[in-house]
Amino acid sequence: MECADNWIAAGRRSMTSSSSWQPARQWRKALNVIRTCHRLARLGILSTGALLPRTTSYVAIKIHHDSDSDAADDTSNGATFSVAADDDSFKGLVKDKRDDCFRRLGGGAGIAAALASGAERGILGDDGDVRRRREAFGGNTYPRPKPKSFLAHVWDALGDVFLIVLLVCAAVSLGFGIKEHGLKDGWYDGVSIFLAVFLVAAVSAVSNHGQAKRFDKLASESGNIAVTVVRAARRQEVSIFEVVVGDVVVLKIGDSVPADGVFLEGHGLQVDESSMTGEPHPVEIDAEKSPFLTAGVKIIDGYGRMLVTAVGTDTLWGEMMSSITKETTQRTPLQERLERLTSSIGKIGVAVAVLVFTVLTARHFTGSTKDDQGKPLFDKAHVTFDKVFSALVGIFQQAVTIIVVAIPEGLPLAVTLTLAFSMKRMVKENALVRRLSACETMGSVTAICTDKTGTLTLNQMKVTEFWVGTEQPPTAATAIARSVVSLLCQGAGINTTGSVYKPDNVSPPEISGSPTEKALLSWAVADLGMDADALKRSCKVLHVEAFNSDKKRSGVMIRDNATGSVIAHWKGAAEMVLANCSMYVDTDGAARELGVEQRNNLEKVINDMAVGSLRCIAFAYKQLDSEQVKIDDEGLTLLGFVGLKDPCRPEVKAAIEACTKAGVAVKMVTGDNILTARAIAKECGIISSNDPNGIVIEGHEFRAMSPEQQLEIVDNIRVMARSLPMDKLVLVQRLKQKGHVVAVTGDGTNDAPALKEADVGLSMGVQGTEVAKESSDIIILNDNFDTVVTATRWGRCVFNNIQKFIQFQLTVNVAALVINFVSAITTGKMPLTTVQLLWVNLIMDTMGALALATDTPTKSLMDRPPIGRTAPLISNAMWRNLMAQALFQIAVLLALQYRGRDVFGTDEKANSTMIFNAFVLCQVFNEFNAREIEKKNVFAGVLKNRMFLAIIAVTLALQVLMVEVLTRFAGTKRLGLGQWGVCLAIAAVSWPIGWAVKFIPVPHRTLHQIFTRQKSSS
């Protein structure tokens, strides 16, 4: 049956004539509509030459007095509020729970009217209305603590103990230099060190400041929650920051209350106020005894609507959050491990520096250290305090510089860089990281427990099958008794958390809700001809039982306004509802007893749907006594089944294959029927004929096992059907007991325990509740399993990038320490000056981290097994690579130190410059080697990494500047083209060495593991 509703409104009336309604004018409009319809009909007859067939369609012309809507328009346009924005009693209505003020204002309905709002229509919601409300009552934001400024980061960088020591040495060097050589020539050494130290601090500060801003931005994105509001009688989603006073907010299980407000309507609404009060007990919300809803509390049961009365800092939550400084740079496990490695290397550096200081001091004061002319630097005949003190400061300065170079402070920076870079790129690939450590842990994941709906499937539900009893009618509306259609409309249109909004007669209805609810409502509107507005007006909801994951069904008790009869409607998992049915209806509307044969036939219908990977939903009802207060779920009468199809995502099969290849087991945990779950798992590739040990099990079977039995089979479980949230939690616990690193996906409030228990919790951004999101480490913004695999790939990339940087940095460390130590002992001099060593430190730490920590993940990362949770930071392959490069650099640079002047015919200054230049260029060339630890082709994908190429170009440009322009500052001498060619040739040899050394096989076990195993075997 088609129904066209033509609403004929009186139009806007002036304030002087608002009391008088002109019925004649309205009837004239109605007459015009009827005449138009007749003329259209006559035109149709004349054009076709045949009479129009009689149908059951009709046109309902509704003439109504629209004073209510006009009043709403008037108040909205003028933004006239009956309560003052600065009224302290109103501002503290919810915060102080002022029941007297609530009653005085007329309860929820009265406050809504005072705020020019309403439970059904909400606020007008146009830009002007929202702006006026924000100006009057404020926005739903709170002032955040100011982040650290750039200068603060510079100050932090200068707080390094060794840099402070160098600054003191620079000040002493500056003073003695000016005293000995005068202001014109004596300031170079001291000022050069000052500039070098500040350059190191500035570059570090720029990097840290940029990462801090990026983390703050990501933190604000994670707090941007979508809230469902009613504006102009239409449901819509807005940002939590756009909620204004007067908004009507729709609340359901798992939501977080976005602002302070009062309860308008709903059923069974319970909240968890533990985040505000510390009390763990649920609080029931109703319009009489407990109408107040505080921002930040969680909905744990039921559903309802609330009216926003205070936002932002006018709420208790806003006051608390504006006074809390959130730490966004928490230490991750990998950062802590690297800090321990840094400390160990630093201790070695300090020991070498002390030894160098001792040797250089002894050689200097015994006359063994000589100048360029071969004369001793220390003249025993002319000893003065200034000369002794200046010599000690110079030697101490060189020793401290060795420590600065030796300590790899770039390691923690590299982790921060790669995490920040990964987080930024992961957001673009629909994975929002809430906890930094999750980035690292995803690289070690060995098992993923995933939901089915929306994650493995498209979450685009559609009703494809419909059964009434044991019959499948061809068309729902015409082949079924009207009484059955009416009951089905009630079961689908009232027993729902979704909504249907029809803006006009031309536009299609706007249907909102979960994918399942949207599919059922769309089917009811299209196939059953359901009029949602008329349906709501025809009955009154008495009681609601929200969907329960244990019973897997929802119920509603209604009273028919026309007959006064009370009916309970149930909707949910077909086999669960069928188990409580004793009758069923046929297409003719007759109720029949549900015998054994009929029950078997109906179970076969359910199983056939499940085998076809359909989700089967059943509708049932029961007539109740008018005095009954609880919804009865026994002795129900079955109305029918619908089968919902949710196709698998096209990319999910390849994603699961990638996981299997990477050594990550995928386990599907779903509430669906075991046959449906098995069919979907086969389609996705979770179970196959090549996996004879794979187990498909139901939740109740798993629960009935002892912990020991569960541990025996947990590795082989592929699918768990009809599972409860606690089943998922126990599954995670058993997997962790077996040594797995577990990632879990979840979208419901009841998934929170499993999300918290898992090593990495992944919540769904589209269908996930706020409780699930807050319990998770990563939010999957598109609810797609392929994004979970992407997060795993990025996790492996983080660890891989850190290993690249460690290999590069330790090569520099080993080479610099050995060269300086050997040179100091044998010649009494260090080949590199303080400024040159600080420049090497800058290349090695900050710029090296920028170049190597920003590589994107490659497909080859998923060709290897997961990284162990306690995998060594330095693998045997890394030791092989770095020792080969370090030995090459030590041999070549020491040869230059001892024989360079003779071979190339240069003076001392030019030879030292060549050593410095060759050393820096070796690091530049070795950065390419560090890009791959195992693979021989280190140039693969290098052109795609613009950051790497930019760092190489900047390093080379600055090195030319240091050698050719800033000679006084850097203590260098300009080199000829031949000398540059020699330096480049020496550095280029590192490429063939890096390629050749990878042919040397190394054991996968560490030396510690090998020795431990030998001891245990002996």
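Structure: see above.
Residues take numbers from 1 onward in each chain, read along the sequence in its written order. Local features in a predicted model are, by the rule used here, given only for residues with pLDDT of at least 70; side-chain atom pairs are given and counted only at 80 or more, and totals for whole chains, interfaces and linings are based on all residues. Each side-chain value is worked out from all heavy atoms of the structure, with water and hydrogens disregarded.

The next point concerns the packing of helix 32 (residues 908-929) against helix 36 (residues 990-997). What counts as an axis is a line fitted to C-alpha atoms, over the stretch in contact for a helix, and the angles between N-to-C directions run from 0 to 180 degrees. Starting at the N terminus, helices and strands are each numbered in turn, a helix being any DSSP run of H or I of at least four residues and a strand any DSSP run of E of at least two. At a closest axis distance of 9 Å, the pairing of helix 32 and helix 36 adopts a crossing angle of 35°. At the point where helix 32 passes helix 36, the crossing takes the right-handed sense. Side by side, helix 32 and helix 36 meet where F925, N926, F928 and N929 of the first sit next to S990, W991 and G994 of the second. Following the grouping adopted for this structure description, the nonpolar residues are Ala, Val, Leu, Ile, Met, Phe, Trp, Tyr, Cys and Pro, the charged ones are Asp, Glu, Lys and Arg, and the polar ones are all others, Gly among them. Looking at the contact of helix 32 with helix 36, its residues break down into three nonpolar, four polar and no charged. By convention, the crossing between two helices is left-handed when the near helix turns anticlockwise from the far helix through less than a right angle, and right-handed when the turn is clockwise. Any two residues having at least one pair of non-hydrogen atoms within 4.5 Å are treated as being in contact.

Side-chain rings of Phe, Tyr and Trp (the six-membered ring for Trp) are treated as a pair once their centres are within 6.5 Å; stacked means planes under 30 degrees apart, edge-to-face means over 60, and tilted covers the remaining angles. Going through the model one piece at a time under the given rule, you end up with eleven aromatic pairs. Centre to centre, the rings of F421 and W794 are 6.1 Å apart; their planes meet at 65°, and the pair counts as edge-to-face. Of this pair, F421 sits in helix 14 (residues 410-428) while W794 sits in helix 29 (residues 785-827); the two residues are 373 residues apart in sequence, bridging distant segments of the chain. Pair check on accessibility: F421 and W794 agree, each one buried. Taking the centre distance of 5.8 Å and the plane angle of 45° together, the rings of F928 and F939 count as tilted. With a gap of eleven residues between them, F928 in helix 32 and F939 in the loop between helix 32 and helix 33 (946-964) connect regions that are remote in the sequence. Three or more aromatic residues link up through ring pairs in this structure, and these residues are F925, F928, F939, F948 and W991. Whether a charge sits over a ring comes down to the Lys NZ or Arg CZ being within 6 Å of the ring centre and within 35 degrees of the ring normal. One cation-aromatic arrangement involves R553 over W570; the distance from NZ or CZ to the ring centre is 5.5 Å. Relative accessibility thresholds used throughout: buried, under 20% of the residue-type maximum; exposed, over 50%; partly exposed, between the two (1.4 Å probe, protein chains only).

With that settled, the discussion passes to the nonpolar core. Definition of nonpolar core: a set of buried residues of the types Ala, Val, Leu, Ile, Met, Phe, Trp, Tyr and Cys, connected through side-chain atoms within 4.5 Å. Counting 147 residues, the largest nonpolar core has L338, I686, I778, F785, I806 and F919 as its most contacted members. Top element by residues in this core is helix 29. It accounts for 19 residues. Those residues in contact with F919 that lie beyond four places of it in its chain are V812, A815, A816, I819, L832, V840, Q889 and L893. With 40 residues, the next largest nonpolar core counts F90, L115, I225 and I240 among its residues.

This part takes up the pattern of salt bridges. By definition, a salt bridge exists where a carboxyl oxygen of Asp or Glu is found within 4 Å of a side-chain nitrogen of Lys or Arg. For the structure on display, the rule yields 32 salt bridges. A salt bridge links K571 to E517; the shortest N-O distance between them is 2.9 Å. With K571 in strand 17 (residues 566-573) and E517 in helix 18 (residues 515-527), the pair connects residues that are 54 residues apart, well separated along the chain. Taking relative accessible area as the criterion, K571 reaches 5% and is therefore assigned buried. We note a salt bridge from K804 to D855, for which the minimum N-O separation is 2.9 Å.

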